[in-house]
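Structural features, examined
The primary structure of each chain is shown beneath.
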Amino acid sequence: MWVFVLSLVLAVGAGLGGGALLWAGESPADRQAAEARDQCEHQITVYFNGTDPDPVMSAAADRLRGDARFASVRTQTRLEAWAEFKRIFADDPDLLSKSRPEALPAAVVLMTRPDTTPEQVAPDLVQLFPGAEVRTLGPCSP
């Protein structure tokens with residue numbers, strides 16, 4: 001029995017070590033391209049508007065966390081969206097002066113599993129959350 005356990009530990013360690021070496025060998029541009037491709041192929045975002053969208057968004061995220069079609073479920077409150085908006089448009093004070101946090105939605109950002117595409121689940125999400133806006137990133141460029 002201990003031989004089996006030792007073999008298993010060695011095999012897992014070798015796999016993790018080899019994976020770490022492969023990962024370490026990737027350039028930052030390669031990692032960035034892989035992340036962009038993964039995002040393009042697997043991300044779907046559900047936006048919630050209204051006077052207080054955060055509780056509705058949180059309830060939706062809780063409901064989706066148990067869904068086997070999704071590898072991850074991440075939330076973004078209205079205030080987090082506002083902070084991101086200000087960071088992105090920091091160089092455009094005119095736009096920032098005309099903007100307000102209440103105009104931004106709360107969101108649930110989903111990553112589908114490798115065997116599922118956003119286009120497959122989007123219709124279900126539209127039915128599940130009829131007042132929300134469901135967006136995929138669209139087809140990936142080759």
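In this report, we go over the structure that sits alongside the text. Everything quoted here is computed from the prediction, not taken from an experiment.

1. Focus: the packing of aromatic side chains
Applying the stated criterion to the full structure yields three aromatic pairs. Judged by centre distance (5.7 Å) and plane angle (80°), the ring pair of F48 and F129 falls under edge-to-face. Placement of F48 in strand β1 (residues 43-48) and of F129 in the loop between α6 (118-128) and β4 (133-136) is noted, with a sequence separation of 81 residues between them. Grouping residues by exposure puts F48 and F129 together as buried. Taken together, a centroid distance of 5.7 Å and an interplanar angle of 15° make the contact between W82 and F85 stacked. Of this pair, W82 and F85 are both found in helix α4 (residues 78-88), three residues apart, which corresponds to roughly one turn of the helix. The buried category is assigned to W82, whose relative accessible area is 14%. Clustering of aromatic rings is evident, with ring pairs tying together W82, F85 and F89.

2. Concerning the nonpolar core
Where a protein is soluble and globular, its nonpolar side chains tend to be buried together. Counting 18 residues, the largest nonpolar core has V108, L110 and L125 as the members making the most contacts within it. Per-element tally for this core: the top contributor is helix α3 (residues 53-64), with four residues.

3. Regarding α4
Among the residues of α4, those classed as buried are R78, A81, W82 and F85. Down the axis of α4, the sector holding all buried residues measures 100°, keeping them to one side. Facing away from the buried side of α4 by over 90 degrees, the exposed positions are L79 and R87. Of the surrounding elements, those touching the buried residues of α4 are α3, β2 (70-76), α5 (93-98) and β3 (106-112).

Rules and cut-offs
- Residues numbered from 1 in each chain as written.
- Predicted model: local features only at pLDDT ≥ 70, side-chain atom pairs only at ≥ 80, totals over all residues.
- Heavy atoms only, no water.
- Phe/Tyr/Trp six-rings, centres within 6.5 Å; stacked < 30°, edge-to-face > 60°.
- Helix = DSSP H or I, 4+ residues; strand = E, 2+ residues; numbered from the N terminus.
- Buried < 20%, exposed > 50% of the residue type's maximum accessible area, 1.4 Å probe, protein only.
- Core = buried A, V, L, I, M, F, W, Y, C linked by side-chain atoms within 4.5 Å.
- Arc of directions from axis to C-beta.
- Contact = heavy atoms within 4.5 Å.

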